[in-house]
Amino acid sequence: MSERLEQVFQGSPRGLTRLVAYVMAGDPSYEMSLRRLRGLAASGVDVLELGVPFSDPMADGPIIQAAGERALAGGMTLSKVLRLVREFRREATTPLLLMSYLNPLLRYGWDQFVLDAVESGVDGLILPDLPWREGQALRERTAERVGNRLTFIPMVAQTSEEEDIQALQDEKRGFVYVLSRNGITGGEAEMPAQVRAYIAKLHEMLSLPRCVGFGIQKREQVEVLAGICEGVIVGSALVDRLAHLDAAGLEGEGLRTKEAEVYTWLAGLKA
Amino acid sequence: MEQEQGKLMELIDQETLNDLMAGTRNGTGRFGPFGGAYVPETLVPVLRELEQAYQQAQRDESFQLELGDLLRDYVGRPSLFYEARRLSEALGGAHIYLKREDLNHTGAHKINNTLGQVLLAKRMGKTRVIAETGAGQHGVATATACALFGLSCVIYMGEEDIRRQRLNVLRMRLLGAEVRAVSLGSRTLKDAINEALRDWVAHVDTFYCFGTAAGPHPFPEMVRDFQAVIGRETRKQALAELGRLPDVLVACVGGGSNAIGFFYPFLDDASVRLIGVEAGGTGDEVGRHAATLGLGSPGVLHGAYSYLLQDGDGQIRPTHSVSAGLDYPGVGPEHSLLKETGRAEYVRIGDEDAVKACQVLSRTEGILPALESAHAVAYALKMAPGLSQDKVIVVNLSGRGDKDVETLAEYLEGGTLHE
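Residues numbered from 1 in each chain as written. Chains lettered and ligands numbered in written order. Predicted model: local features only at pLDDT ≥ 70, side-chain atom pairs only at ≥ 80, totals over all residues. Heavy atoms only, no water.

Draft legend 1. Geometry of the overall build of chain B. Tallying secondary structure elements over chain B gives 17 helices and 14 strands in all. Against the compact-globule benchmark of 22 Å for 419 residues, chain B has a radius of gyration of 20 Å, which places it among compact chains. In terms of overall dimensions, chain B has a C-alpha envelope of 55 × 50 × 45 Å along the principal axes. Across chain B, every contact between residues at least 6 apart in sequence was considered, and the portion connecting residues at least 24 apart equals 74%. Measuring between centres, the 42 positive side-chain charges of chain B sit 3 Å from its 55 negative side-chain charges. (Helix = DSSP H or I, 4+ residues; strand = E, 2+ residues; numbered from the N terminus. Rg over C-alpha atoms; globule rule 2.2 N^0.38 Å. Contact = heavy atoms within 4.5 Å. Lys, Arg positive; Asp, Glu negative; His and termini not counted. Charge placed at Lys NZ, Arg CZ, Asp CG, Glu CD.)

Written as C-alpha cells, this is what we have:
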C-alpha cells in the first residue's frame with residue numbers, strides 16, 4: 001500500500017530530511033539482498049529503493065552497472081525481485097519502491113506486473129527511461145488496475161523546462177526525484193548556488209516533497225540541502241560500500257559488523 | 001493500421017502498446033506503434049531542442065543548399081548506379097545493379113548522415129560532437145565531418161570492435177577524433193551506444209551524432225531523411241537508365257540506416273519488393289546471430305520501442321556477426337513497422353555466405369564490398385538465378401571492404417582466400 005509512502009512525508013514540516021536508500025536486488029545474492037533490506041529498514045532508512053537489474057542500464061554509472069551485472073550473473077529476475085519484496089514485507093513496514101528500466105516490466109506483462117507488485121508489497125515505481133509525459137497513459141491504466149496503490153515517482157532534471165515541471169503540479173502522492181546534476185548515477189555531486197536555487201524553486205511550483213539524488217555520499221552535501229528539500233537519495237555510495245565488503249570475502253559475524261558500520265554511516269548522513 | 005496492429009497482438013499485449021503510444025500519439029516520432037523517446041528525463045528537453053532545430057533546418061533552403069553542395073563536391077554524389085554484368089551473366093537470372101555507396105568519400109553511406117547532422121550541430125552552435133560506432137564507418141564519417149567543420153569529436157567504440165576494425169580506429173585518430181574504448185557488456189555497438197548516451201546525459205550541450213535510424217525520436221526520422229538521398233538517386237537513375245523502376249531492392253540491416261534510406265523513396269511503389277538482410281551469423285540459436293527482426297520481439301532499448309533480441313526476462317541477448325556493423329540486438333523502429341505491415345521482407349544471411357559474397361563480387365566485378373554490404377550481395381546471389389532475365393535487382397552496396405581485409409583473412413585462414 002502506498003499509504004506507507006505517504007506517511008513518511010506526512011505531518012512533519014518541509015525541510016526535514018528523510019533518507020532514501022538504494023540497493024540492487026540480487027547483489028550479490030537473493031539472501032544477501034533480503035538481509036540488507038532488513039538491515040537498512042532497521043537502521044532507520046525512511047524509504048527503500050530496490051533496483052531491478054537490466055542488461056543495458058543507460059542512466060547508471062559504473063557502480064550500479066556492476067551491481068546489476070552481479071545480480072544478473074546470480075540469476076536474478078523480476079519474478080524473484082517480487083518474491084524478495086514479498087518476503088521482506090512479511091516483517092517490515094518501510095515503504096519500498098522498485099527502480100526499473102521499462103523493458104523487463106514490459107516483458108513480464110504490464111497488467112500482471114502491477115498486480116503482482118502491489119500484492120508483493122511494492123509501494124511505488126521509479127522508471128528512469130520513461131519520461132513523465134510519455135508515461136501518462138500507462139499511469140492511467142495502472143490506476144484502473146490497482147487504484148492508487150502504486151505511486152509513480154516523477155523525476156525532475158536540471159534541464160527540465162517549466163512545462164515539464166508544471167505537468168507535475170497536480171501530483172499529490174509520493175515525492176519528486178530531483179536530479180542533483182545532469183549525468184548518470186554515482187560520483188559526487190557538487191551543490192553550487194544555482195543547483196540550490198533550482199531545488200528551492202521547485203518548492204514554489206510543486207506540492208510534492210522533494211528528494212534529491214545522484215552523487216549524494218557526504219554529510220556536508222546533505223547539510224547544504226537541508227531546508228531546501230525533504231529527502232536525499234543515496235545509491236551508488238551505498239552499493240559501493242556493500243560491494244567492497246563482498247569483494248573482501250567477509251563472512252559471518254565479521255561481515256555483520258562491517259554491514260552495521262555501513263548502516264551507521266548511512267544513518268549519519270541524515271542531518 | 002488495423003491490419004498491422006492485428007498482427008502485433010500475437011506478439012505483445014495490445015493495450016500496453018496503445019498506452020505506450022499514447023505519449024506521442026498526436027505528435028511525430030512514431031512509426032505505427034514503434035519509436036518514441038524512452039530516455040532519462042534529463043534528455044527530454046535536449047531531444048526536443050534537437051527536433052526543433054532539425055525541423056527548422058529542413059525548412060531552411062540555405063541549409064538544404066549547403067548540404068546538397070557538400071554531398072556533391074565533398075562526398076562525390078550522386079553515387080554510381082552500376083550494372084554488374086559479369087556477375088549477372090554468371091548467375092544467369094535477374095540483372096543485378098549496385099548502388100555504389102562504397103564510392104562515397106570515407107567509403108560508406110554513413111557520410112550522408114554525418115554531414116547532415118554535423119551541419120545541424122554547427123547551426124545549433126555546438127562545439128563538441130560524440131558518436132558511437134560499430135564497424136567504425138560511422139565513427140570515421142563523424143570524425144571526418146567534425147574535421148571539416150572544426151568541431152571536437154569523441155567516438156565510443158566497443159573493445160571487440162576496436163580489435164576487429166583496427167584500421168578504422170587509426171583513421172579516426174588521424175582525423176583528430178578521440179576514440180574511447182568501451183569494455184562493458186558485449187563490448188560491441190550496443191555498449192558503445194550505452195556509453196555515448198551516458199556521456200550525452202552528462203554533457204547536454206554536446207551534439208550526439210547518432211549513426212543509425214534507431215534510438216529515440218527524432219533520430220530515426222532524421223537519419224532516414226539524410227540517408228534517403230540513396231533511394232532518391234536510385235529511383236532517378238533507374239528511371240533514366242532502365243526506363244522503369246527496379247523490381248527488387250536489397251540492403252543489409254543492422255540498425256537499418258542504409259536500408260531505410262534506400263527503401264524510403266520507394267515505399268509507395270507497390271511493384272518494388274524491398275528486402276532487408278539481417279546477419280544470420282552462425283545459426284538461429286541465441287548468441288549466434290543478430291537477426292533482430294527475424295528472430296526477435298518488440299521491446300524498449302536505446303530509447304525506442306522496436307524489435308530487439310531479448311530473453312524471457314526482458315534482458316538483451318548477446319549477438320554475433322562476422323560483420324561488426326550488423327552486430328546489434330536492436331533495429332530502427334521504421335523497419336519494425338515495415339515488417340509488421342509486410343511492406344518490406346526481412347531475411348538473413350550467415351557469416352559464411354557473406355564472406356563468400358565478398359569473394360564472388362571481388363572476383364567477378366573487381367569490387368570488394370564491406371562485410372555488412374556483403375550480406376545484401378549474398379542474398380542477391382541467391383535470388384537472381386530464380387528470377388527471369390528481365391527482372392532487375394538493385395543492391396545497396398553500402399560500404400567498401402578495405403576495413404575488413406584483416407577479418408576476412410582471419411576468417412579464411414586455411415587457404416580458401418587463395419583458392
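Read on for the rest.
Draft legend 2. Focus on the interface of chain A and chain B. In this complex, chain A contributes 40 residues to the contact, which on the side of chain B involves 43 residues. Summed over both partners, the interface of chain A with chain B comes to about 3400 Å²; 51% of that surface belongs to carbon and sulfur atoms. Three residues stand out in chain A for area buried against chain B, namely M58, R107 and E134 of chain A, and they jointly supply 22% of the buried area on that side. The interface formed by chain A and chain B holds 5 salt bridges in total. A salt bridge links K190 of chain B to D56 of chain A; the shortest N-O distance between them is 2.8 Å. The interface formed by chain A and chain B includes 20 residue pairs in polar contact (both at pLDDT 80 or more). (Buried area = accessible area lost by both parts, 1.4 Å probe. Salt bridge = Lys/Arg side-chain N within 4 Å of Asp/Glu carboxyl O. Polar contact = N/O pair within 3.5 Å; in protein donor to acceptor, adjacent residues only side chain to side chain.)

Draft legend 3. A look at the sheet that holds strand β10 (residues 273-281) of chain B. All names here are of chain B. Strand order in the open sheet formed by 6 strands is β3-β4-β14-β9-β10-β13, with mixed pairing between adjacent strands. Lying at the two open borders of the sheet, with one neighbouring strand each, are β3 (81-83) and β13 (344-350). Here the average twist between neighbouring strands, direction ignored, is 30°. Here 5 bridges tie strand β9 (residues 248-252) to β10, and the two strands are oriented parallel to one another. Its bridge partner lying in β10, A251 is registered against G276. Its contacts with the sheet put helix α11 (residues 219-242) on β3, β4 (95-100) and β14 (392-397), and the angle it makes with β4 is roughly 135°. Those strands touched by helix α15 (residues 351-365) are β3, β4, β10, β13 and β14, and its axis lies near 90° from that of β13. (Pairing = 2+ DSSP bridges. Axes fitted to C-alpha atoms, helices over the stretch in contact; angles between N-to-C directions.)

Draft legend 4. Expanded view of the pattern of salt bridges. Residue and element names in this part refer to chain A. Under the counting rule described, the total for this entry stands at 56 salt bridges over all chains. Residues R86 and E119 are paired through a salt bridge, measuring 3.4 Å at the closest nitrogen-oxygen approach. Taken together, the residues R86 in helix α4 (residues 78-89) and E119 in helix α6 (residues 110-120) connect sequence positions 33 residues apart. Since its relative accessible area comes to 51%, E119 is described here as exposed. (Buried < 20%, exposed > 50% of the residue type's maximum accessible area, 1.4 Å probe, protein only.)

Draft legend 5. Quick peek at the environment of L170 of chain B. Relative to the helices and strands, L170 of chain B is located in helix α9 (residues 166-174). For the pair L170 of chain B and T212 of chain B, spaced 42 residues apart in sequence, the C-alpha separation works out to 22 Å.

Draft legend 6. Looking closely at the packing of aromatic side chains. All names here are of chain B. Applying the stated criterion across every chain, the model contains 15 aromatic pairs over all chains. With a centroid separation of 5.7 Å and 70° between ring planes, the pair formed by Y54 and F226 is classed as edge-to-face. You can see Y54 sitting in helix α3 (residues 44-59) and its partner F226 sitting in helix α11, a full 172 residues away along the chain. Per residue, the accessibility class of Y54 equals that of F226, and both read buried. Aromatic ring contacts, followed pair by pair, group W200, Y208, F210 and F219 into a single cluster. (Phe/Tyr/Trp six-rings, centres within 6.5 Å; stacked < 30°, edge-to-face > 60°.)

Draft legend 7. Quick look at the pairing of strand β11 (residues 297-301) of chain B. All names here are of chain B. With 5 of 5 residues buried, β11 is to be regarded as a mostly interior element. The alternating pattern of β11 places S297, G299 and L301 on one face and P298 and V300 on the opposite face, and all of these are buried. Two elements, β11 and strand β12 (residues 304-308), share 5 bridges in a ladder whose sense is antiparallel. Paired with L301 across the two strands is A304, which belongs to β12. Between the antiparallel neighbours β11 and β12 lie 2 residues, among them H302 with a positive phi of about 50°.

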